[in-house]
Amino acid sequence: MTRNLRATFGRRYALSASHRLHSDALSAEENQAAYGKCNNPHGHGHNYVVEILVGGTVDAKTGMVLNMAALDEVVRKQVVERFDHTNLNLDSLFANQVPTTENLCKAVFGLLDGKVEPATLEQVRVEETENNFFEYSGDM
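Rules of the game
- Residues numbered from 1 in each chain as written.
- Predicted model: local features only at pLDDT ≥ 70, side-chain atom pairs only at ≥ 80, totals over all residues.
- Heavy atoms only, no water.
- Pairing = 2+ DSSP bridges.
- Helix = DSSP H or I, 4+ residues; strand = E, 2+ residues; numbered from the N terminus.
- Contact = heavy atoms within 4.5 Å.
- Axes fitted to C-alpha atoms, helices over the stretch in contact; angles between N-to-C directions.
- Left-handed = near helix turned anticlockwise from the far one by under 90°.
- Nonpolar A, V, L, I, M, F, W, Y, C, P; charged D, E, K, R; others polar.
- 1 Å grid on protein atoms, 1.4 Å probe; cavity = no way out; pocket = protein on both sides within 12 Å on 5 of 7 lines; lining within 4 Å.
- Points joined across faces, edges and corners; volume = space filled by probe spheres on them.
- Phe/Tyr/Trp six-rings, centres within 6.5 Å; stacked < 30°, edge-to-face > 60°.
- Buried < 20%, exposed > 50% of the residue type's maximum accessible area, 1.4 Å probe, protein only.

Novice: So what exactly am I meant to see when it comes to the sheet that holds strand E5 (residues 133-136) here?
Specialist: The strands that make up a sheet are held in pairs by hydrogen bonds between backbone atoms, and each pair lies either parallel or antiparallel. Read from one edge to the other, the open sheet built from five strands follows the order E3-E1-E2-E4-E5, with strand pairing classed as mixed. In this open sheet, the two edge strands, each paired with only one partner strand, are strand E3 (86-87) and E5. Here seven bridges tie strand E2 (residues 44-57) to strand E4 (residues 120-127), and the two strands are oriented antiparallel to one another. Residue pairing for E4: valine 54 is matched across the bridge by leucine 121. Where helix H2 (residues 68-83) meets the sheet, it contacts strand E1 (6-19), E2 and E3, and its direction lies at approximately 25° from that of E1.

Novice: I'm lost on the packing of H2 against helix H3 (residues 101-112) in this one. Help?
Specialist: Helix-helix packing is described using two parameters, namely the angle between the two axes and the distance between the axes. Where H2 meets H3, the axes come as close as 10 Å, and the angle between the chain directions of the two elements is 140°. By crossing handedness, the relation of H2 to H3 is classed as right-handed. Each of Val74, Val75, Gln78, Val79, Arg82 and Phe83 in H2 lies in contact with H3, whose residues at this interface are Leu104, Val108, Leu111 and Leu112. Classifying every residue of the contact of H2 with H3 by side-chain character gives eight nonpolar, one polar and one charged.

Novice: Just to check I follow, could you spell out the layout of surface pockets for this structure?
Specialist: Empty pockets left among the atoms are what a rolling probe the size of a water molecule brings to light. In this structure, the largest pocket spans a volume of roughly 200 Å³. Lining of the largest pocket is provided by Arg20, His22, Ser23, Asp24, Ala25, Asn89, Phe94, Ala95, Asn96, Gln97, Val98 and Pro99. Its residues assigned to classes, the lining of the largest pocket comprises five nonpolar, five polar and two charged.

Novice: Would you take a moment to explain the packing of aromatic side chains for this structure?
Specialist: Geometrically, a pair of aromatic rings is defined through the distance of the ring centres and the angle of the planes. Applying the stated criterion across every chain, the model contains two aromatic pairs. Ring plane angle 45° and centroid distance 6.4 Å describe the contact between phenylalanine 83 and phenylalanine 94, whose orientation is recorded as tilted. Of this pair, phenylalanine 83 sits in helix H2 while phenylalanine 94 sits in the loop between E3 and H3, and the two are 11 residues apart along the sequence. Exposure remark for phenylalanine 94: the relative accessible area of 4% places this residue in the buried category. With 5.2 Å between their ring centres and 90° between their planes, phenylalanine 109 and tyrosine 136 make a pair best called edge-to-face.

Printed below as a string of structure tokens:
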């Protein structure tokens, strides 16, 4: 009897984007207290590293969970082309929410979920700086 092997596959992508952390629901003083220097009216930028983790059954013929080139194409179209060298505050996904990296991570998950077949999107991790990273695995 042949058993189906399940595995995960991860890949990293780079993009640069700017944002200003500011909530219209907060006063100027509350925004400054919550976001500090990240509330700068001119915004600031990051060189983000976006990690995508997919999982699924290893195809018996190819030996892969998902073709790396196929994943690259989906991420390029859905994420990199959309966010690279942009101001996240101007993207429609952040029209009603602050473009924190937590929200960016969740947005990337939403853009890719269901588009990496035959694999399943397991997790998105976004590294904002060498010290800050955020992970999202879907609604729990």
